[in-house]
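The primary structure of each chain is shown beneath.
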Amino acid sequence: MSQQTPPETAPSGAGRGLFVAFEGGDGAGKSTQARLLGEWLSEQGREVVHTREPGGTTLGRTLRELVLHGEDGSVSPRAEALIFAADRAHHVATLVRPALARGAVVLTDRYLDSSVAYQGAARELGHEEVRDLSLWAVERLLPDLTVLLDVPTREGRARRGDVHDRLEREADDFHDRVRRGFLDLAARDPDRYLVLDATRPADELTAAVRARLGSLDAHPGGTSGVAGAGR
Ligand code: TYD
């Protein structure tokens, strides 16, 4: 697989760069996959920016602390959705868009779909409402590709070991709704997603992501980086 050519240009609506989001439940292995893909792209001479939500910026790190590390019940569901959206707005405006504009590959550990799955589906605030809030926050910037690492709830819990943040402490039925929320998003827009069984070996997952990026390069008109008005 290492022979594969990475994309030279991207269909992102935000410049010449390439925007890839890694999504999935807690314990799915997103950061490992982002790191492995980033290493491969760097070897090919691409500028790679690794980032995450919440907490990719200085403001974001403060928001992350507020939203994840309070006591249970310390943040109301709508406040939670707004804090994640505020983190995302600042992240996109100050880090993601500038990096894409100069041609970098941006690999983010979580993006807008996490809000739809956790706040929209699991907190039951509504898929459309939460998605619209985030789309407004980011001026409709969508990833060129979203890699969804799908992991069964019990497996995710076992992998992440000692639970430590407010969301991770939620019960299994919450995490089941998160998982269904992600799968539902991917089913609505298959061109923009790569859904992988996260229980497969890490090197197989990496190979699948590389292959998909290669095909994205081959069909650069296939996706757009900006959500259409009707979605
Ligand atoms: P993450 O950084 O992946 O956790 P960790 O550092 O433990 O790997 O994500 C933090 C938590 O925030 C995770 O439980 C998912 C949650 N989250 C939301 O609920 N909504 C969002 O929009 C985002 C970005 C994250």
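Remember, it's a predicted structure, so these values are computed and weren't measured experimentally. Starting from 1, residues in each chain are numbered consecutively following that chain's sequence as written. Totals for whole chains, interfaces and linings use all residues, but because this is a predicted model, local features are given only for residues with pLDDT of at least 70 and pairs of side-chain atoms are given and counted only at 80 or more. Side-chain measures were taken over the full set of non-hydrogen atoms in the model, leaving aside hydrogen atoms and water.

1. Things to note about the pattern of salt bridges
For salt bridges, the criterion is a side-chain nitrogen of Lys or Arg within 4 Å of an Asp or Glu carboxyl oxygen. Evaluated as defined, the whole model comprises 17 salt bridges. Here Glu47 ties to Arg102 by a salt bridge, and the two come within 2.7 Å at their closest N and O atoms. Taken together, the residues span a long stretch of sequence, with Glu47 in the loop between α1 (30-43) and β2 (48-52) and Arg102 in the loop between α3 (77-101) and β3 (105-109) at a distance of 55 residues. You can call Glu47 partly exposed: its relative accessible area is 36%. When a residue's accessible area, from a 1.4 Å probe over protein chains only, is under 20% of the maximum for its type it is buried; when over 50% it is exposed; and in between it is partly exposed. Judged by relative accessible area, which is 46%, Arg102 ranks as partly exposed. Among the salt bridges present, the one from Arg166 reaches Glu80, with a minimum N-O distance of 2.8 Å. Taken together, the residues span a long stretch of sequence, with Arg166 in the loop between α6 (153-160) and α7 (172-188) and Glu80 in helix α3 at a distance of 86 residues. The burial state of Arg166 is the same as that of Glu80; both residues are buried. Strands are runs of DSSP state E lasting at least two residues, helices are runs of H or I lasting at least four, and both sets are numbered from the N terminus onward.

2. Topic: unusual backbone geometry
For the peptide bond that leads from Glu53 to Pro54, omega is -10°, which places it in the cis range. Within the element layout of this structure, Pro54 appears in the loop between β2 and α2 (58-68). The backbone phi angle of Glu124 is positive, close to 60°, even though this residue is not glycine. Mapping Glu124 onto the fold places it in the loop between α4 (112-122) and α5 (127-137). The exposure class of Glu124 is exposed, given its relative accessible area of 60%. A positive phi angle, near 70°, is found at Arg140, a position not held by glycine. With respect to the helices and strands, the residue Arg140 is situated in the loop between α5 and β4 (145-150). Looking at Arg140, the relative accessible area reads 27%, which means it is partly exposed.

3. With respect to the site of the ligand
In this text, near means that some heavy atom of the residue lies within 4 Å of the molecule or strand in question. Taken together, 16 residues lie near the ligand, and Arg64, Arg110, Ser115, Gln119 and Glu168 sit nearest. In protein, a polar contact means a hydrogen-donor-capable atom and an acceptor-capable atom, both N or O and within 3.5 Å, with residues adjacent in sequence counting only if both atoms are side-chain atoms; elsewhere, any N or O pair within 3.5 Å suffices. A distance of 2.9 Å is found between an oxygen atom of the ligand and a side-chain nitrogen or oxygen belonging to Arg88. At 2.8 Å from an oxygen atom of the ligand is found a side-chain nitrogen or oxygen belonging to Glu168. Protein chains bury 89% of the 560 Å² of accessible surface belonging to the ligand in isolation. Of all the secondary-structure elements, those providing two or more residues to the shell around the ligand are α2, α3 and α4. Among the elements that line the shell around the ligand, the one with the most residues is α4, at four residues. Each residue is assigned to one class: nonpolar for Ala, Val, Leu, Ile, Met, Phe, Trp, Tyr, Cys and Pro, charged for Asp, Glu, Lys and Arg, and polar for all the others, Gly among them. Along the lines of polarity and charge, the residues of the shell around the ligand split into five nonpolar, four polar and seven charged. Per-residue accessibility takes into account occlusion by the displayed protein chains alone, with areas from the Shrake-Rupley method and a 1.4 Å probe.

4. Quick look at the sheet that holds β3
Spatially, five strands are ordered β2-β3-β1-β4-β5 in an open sheet, and the strand pairing comes out parallel. Strands at the two margins of the open sheet, each flanked by one partner only, are β2 and β5 (193-197). Pairs of neighbouring strands in the sheet enclose a mean axial angle of 20°, with direction left out of account. Note that strand β1 (residues 18-24) and β4 share five bridges and pair parallel. Within the sheet, the bridge partner assigned to Glu23 lies in β4 and is Leu148. Every residue pair with non-hydrogen atoms within 4.5 Å of one another is taken to be in contact. Helix axes use the C-alpha atoms of the stretch in contact, all axes being lines fitted to C-alpha atoms, and the angles between their N-to-C directions lie in the range 0 to 180 degrees. The strands that α7 touches are β1, β4 and β5; relative to β4, the one it contacts most, it runs at about 145°. Here, any two strands with at least 2 DSSP bridges between them count as paired.

5. Focus: the confidence of the model for the chain
Confidence scores labelled pLDDT are given residue by residue by the predictor and lie between 0 and 100. Looking at the chain as a whole, its pLDDT mean stands at 89, while 87% of the residues score no less than 70. Taken as a whole, residues 6-13 scores under 50 in pLDDT and shows 29 contacts with residues more than four places along the chain or in a different chain.

6. With respect to the packing of α4 against α7
Here α4 crosses α7 at 130°, and the two axes come no closer than 8 Å. Of the possible angle classes, the one that applies to α4 and α7 is oblique. Crossing of α4 against α7: the hand is right-handed. Where α4 abuts α7, its residues Asp113, Ser114, Val116, Ala117, Tyr118, Ala121 and Ala122 lie against Phe174, Arg177, Val178, Gly181, Phe182 and Leu185. Looking at the contact of α4 with α7 residue by residue, the class counts come to nine nonpolar, two polar and two charged. Under this scheme an angle from 65 to 115 degrees is roughly perpendicular, one under 35 degrees roughly parallel, and one over 145 degrees roughly antiparallel; angles in between are oblique. Handedness of a crossing follows from how the near helix is turned relative to the far one, being left-handed for an anticlockwise turn of less than a right angle and right-handed for a clockwise one.

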